[in-house]
Amino acid sequence: MKIHNFSAGPCILPQEVFDKMAQAVLNFNNSGSSIVEISHRRADAQEVIDTAISLVRELLNVPDTHEIIFTQGGASLQFVMLPFNLMKLDGGKAAFTETGVWAQKAIKEAKRLGHVEVVASSSDKNFNYIPKDFVVPDDVDYFHCTSNNTIFGTQMKSFPDVDVPLVCDMSSDILSKPIDVSKFDVIYAGAQKNMGPAGSAVTIINKEVLGKTGRDIPSYLNYQTHISKGSAFNTWPVLSIYGVMLNLQWLKNLGGVPAISKINQQKAELMYSEIDRNGMFIGTAEKEDRSEMNATFVLKDENLKPEFDKIWKGAGISSLNGHRDVGGYRASMYNALPLESVQVLVDVMKEFETKFG
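Residues numbered from 1 in each chain as written. Predicted model: local features only at pLDDT ≥ 70, side-chain atom pairs only at ≥ 80, totals over all residues. Heavy atoms only, no water.

Colleague: Can you explain helix H7 (residues 256-277)? Please cite residues and give values.
Modeller: In this model H7 runs 32 Å from its N-terminal to its C-terminal C-alpha over 22 residues, within 8% of the 32 Å that 1.5 Å per residue would give. Those residues of H7 that fall on the buried side of the exposure criterion are Gly 256, Val 257, Ile 260, Ser 261, Asn 264, Lys 267, Ala 268, Met 271, Tyr 272, Glu 274 and Ile 275. An end-on view of H7 places all buried positions within 165° of arc, on one side of the element. Across from the buried face of H7, at angles greater than 90 degrees, the exposed residues are Lys 262 and Glu 269. For H7, the secondary structure elements touched by its buried residues are helix H2 (43-60), helix H6 (238-254), strand S11 (281-283), strand S12 (294-299), strand S14 (329-332) and helix H9 (339-356). (Helix = DSSP H or I, 4+ residues; strand = E, 2+ residues; numbered from the N terminus. Expected span 1.5 Å × (residues − 1). Buried < 20%, exposed > 50% of the residue type's maximum accessible area, 1.4 Å probe, protein only. Arc of directions from axis to C-beta. Contact = heavy atoms within 4.5 Å.)

Given below as structure tokens:
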């Protein structure tokens, strides 16, 4: 039976990526060695990370003003690296929107190094919407937002014009739709939600915002360290970034970000149309802020949960349960999830309505 993987992360990847990764684990580039045992300093390993960086630049139209680096530690380490690199040592301040758990974690880390002003929050309604019409002070060192909230199923549809450096955590929707990278000073994303296997994070940085904090930054936490070393300051996760490279090549061959954006819109429209039509379910996010990546919904009658669970599991669907902070269900529709899988879930929801509605 085909498995339809709606996991919120690590994400689904194309089958061809798994096939090539599996072969590389046994024999990388016909070298007789496994990719997990080769030196990251080898020329063919260096080609992997160079190609991954080049593909990020190409697929997102990253301008020459911005550098691209890969680091370990996921987005969680970026929560620490950002204030070290952007927040001034004396009187440092940052502004945030609080739109979910990951935004809260970023706020917590920034508070260790300076003052944080939360300019808008959706915590009053359990983060089921994106705040709007807020004002960002012009005396902060940077403004931070989270583009997509995997747990609560909300997504920013536009980004504010601000007079300070604009920073965005795009972990769960990067490369899913076109963006104007030049508008941002820092974009970061853990790879495991839409780019590749867990183990790395990509950061896109406007060079003009660096070197202005007056801080003595620990070497690994300093963006300039990784820029100067071509993301090879330490032993980088070769297999993980090889998976990212393969996934980016797959995306390029598909037609790039514009092509996958159309497919993602089709998947989201199919999913949300059924949630709204089917009397057995209720969507948890405000309609205007619904995420194309993570559709969250609950049963109107929780007593029927065992019956619905039996049907979707029997159809080969996996990882549909919602996060404990929301409950219910979450269909994560990352780039590699085919439209066919969403249709299977929709058919299951219709079958459930027919039997128990």
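Colleague: Break down the packing of aromatic side chains for me, citing the residues and quoting the values.
Modeller: One pass over the full model with this rule turns up 15 aromatic pairs. Considering the side-chain rings of Phe 96 and Tyr 142, the 6.2 Å spacing of their centres and the 70° angle between planes classify their relative orientation as edge-to-face. Here the residue Phe 96 occupies a position in strand S3 (residues 93-98), and Tyr 142 occupies one in strand S5 (residues 142-146), the gap between them amounting to 46 residues. Tyr 142 matches Phe 96 in its accessibility class, with the two residues each being buried. Pairing Phe 127 with Phe 152 gives two aromatic rings, centres 5.1 Å apart and planes at 55°, and the pair type is tilted. (Phe/Tyr/Trp six-rings, centres within 6.5 Å; stacked < 30°, edge-to-face > 60°.)

Colleague: Outline H9, supporting the account with residue identities and numerical values.
Modeller: The end-to-end C-alpha distance of H9 is 26 Å, a good match for the 26 Å that 18 residues give at a rise of 1.5 Å each. The set of residues buried in H9 consists of Ser 341, Val 342, Leu 345, Val 346, Val 348, Met 349 and Phe 352. All buried residues of H9 fall inside an arc of 155° around its axis, so they share one side. In this structure, H9 carries Thr 354 and Lys 355 as exposed residues pointing more than 90 degrees from its buried face.

Colleague: Provide a residue-level description of the nonpolar core, including the pertinent values.
Modeller: Counting residues in hydrophobic clusters, the biggest one holds 87 residues, and the most contacted among them are Phe 70, Met 271 and Phe 308. Ranked by size, the runner-up nonpolar core spans 24 residues in total, among them Ala 106, Ile 205, Leu 221 and Tyr 223. (Core = buried A, V, L, I, M, F, W, Y, C linked by side-chain atoms within 4.5 Å.)

Colleague: Pulling in residues and values, what's your account of the side chain of Thr 296?
Modeller: With respect to the helices and strands, the residue Thr 296 is situated in strand S12. The exposure class assigned to Thr 296 is buried, which follows from its relative accessible area of 3%. Among the polar contacts made by the side chain of Thr 296, one reaches the main-chain carbonyl oxygen of Phe 152 at a distance of 3.3 Å. Setting aside anything within four residues of it in sequence, one finds Thr 296 in contact with Ile 151, Phe 152, Gly 153, Gly 283, Thr 284, Ala 285, Tyr 329 and Arg 330. (Polar contact = N/O pair within 3.5 Å; in protein donor to acceptor, adjacent residues only side chain to side chain.)

Colleague: Give a description of the state of the cysteines that names residues and reports values.
Modeller: A full pass over the atoms with the stated rule returns zero disulfides. Distance from the sulfur of Cys 145, which forms no disulfide, to the nearest cysteine sulfur (Cys 168) is 3.8 Å. (Disulfide = S-S within 2.5 Å.)

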